[in-house]
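The chain contents come next:
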Amino acid sequence: MKEPPRQTSLDGLQVYLRPRVEQVLARMTERGFDPIIFEARRSEERQRWLYGIGRTHSLRRKPVSWTLNSLHIKGKAVDIISKTRKWDWPAFYVALKIEAKAVGLSTIPQEGCHVEWRG
């Protein structure tokens, strides 16, 4: 199965999430990091594909998603990574958790890059 495309635009996010994500990006940049949106709103097709990695696809990777009911589908979550170091910067993800909380967003322990609105 071919990988469905990622969406990196903030346009598909819920109206209350977008300004908070923009604040997180600005705050991270002020701290000297280089944040980018890796993925924003997600199609149901892409969510099924991600859920299938490690379960139904032969990509020899661990499961990427543990649910078919992701907040990404509803425009209530984004994945933010470092532009230059991708997922390989522990200090980036510590700061991301702090900055997300400062603007009323949540993170999850399973994915350092995942920022969501639980309201």
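Everything numeric in this text was worked out from a predicted model, so none of it was measured.

Peer 1: Mind laying out the overall build of the chain, listing which residues take part and the relevant values?
Peer 2: Regarding its fold elements, the chain presents three helices and four strands. Along the chain, helices (α) and strands (β) appear in the sequence α-β-α-β-α-β-β when read from the amino end. Looking at the chain as a whole, 43% of its 119 residues are labelled buried. Of the contacts formed within the chain by residues at least 6 apart in sequence, a portion of 64% connects residues at least 24 apart.

Peer 1: A description of the pairing of strand 4 (residues 111–116) should follow, citing residues and the corresponding values.
Peer 2: Where strand 2 (residues 77–82) meets strand 4, three bridges bridge the pair, whose relative direction is antiparallel. Note that in strand 4 the partner of Ala77 across the bridge is Glu116. Here strand 3 (residues 106–108) runs beside strand 4; their pairing, made up of three bridges, is antiparallel. The partner of Ile108 across the bridge, within strand 4, is Glu111.

Peer 1: Residue-level account of the pairing of strand 2, with values.
Peer 2: Of all six residues in strand 2, six are buried, a share of seventy percent or more. Neither face of strand 2 is open: one carries Ala77, Asp79 and Ile81, the other Val78, Ile80 and Ser82, and all of them are buried. As paired elements, strand 1 (residues 35–39) and strand 2 share four bridges and run antiparallel to each other. From the neighbouring strand, Ile37 faces strand 2, where its bridge partner is Ile80.

Peer 1: So what's going on with helix 3 (residues 90–102)? Which residues, and what values?
Peer 2: The end-to-end C-alpha distance of helix 3 is 19 Å, a good match for the 18 Å that 13 residues give at a rise of 1.5 Å each. Taken as a whole, helix 3 has its buried residues at Phe92, Tyr93, Ala95, Leu96, Glu99 and Ala100. The arc that holds the buried residues of helix 3, viewed along the axis, is 160°, so those residues lie on one side. Opposite the buried face of helix 3, by more than 90 degrees, sit the exposed residues Pro90, Val94, Lys97 and Lys101. Tucked inside the fold, the buried residues of helix 3 contact helix 1 (18–30), strand 1, strand 2, strand 3 and strand 4. Phi turns positive one or two residues past the end of helix 3, at Gly104, with a value near 85°.

What counts, and where the lines are drawn
Along each chain, residues carry numbers from 1 onward, in the same order as the chain's sequence is written. Owing to the predicted nature of the model, reporting of local features is limited to residues with pLDDT of at least 70; listing and counting of side-chain atom pairs is limited to 80 or more, with chain, interface and lining totals taken over all residues. Computation of side-chain values covers all heavy atoms of the structure but excludes hydrogens and water. In DSSP terms, a helix is any run of H or I states spanning at least four residues, a strand is any run of E spanning at least two, and both are numbered starting from the N terminus. Throughout this description, buried means an accessible area under 20% of the type-specific maximum (1.4 Å probe, protein chains only), exposed means over 50%, and partly exposed covers the range between. Any two residues having at least one pair of non-hydrogen atoms within 4.5 Å are treated as being in contact. Two strands pair under a simple rule: DSSP has to find at least two bridges between them. Multiplying 1.5 Å by the residue count of a helix minus one yields the expected span of that helix. To be clear, the arc concerns the directions from the helix axis to the C-beta atoms.

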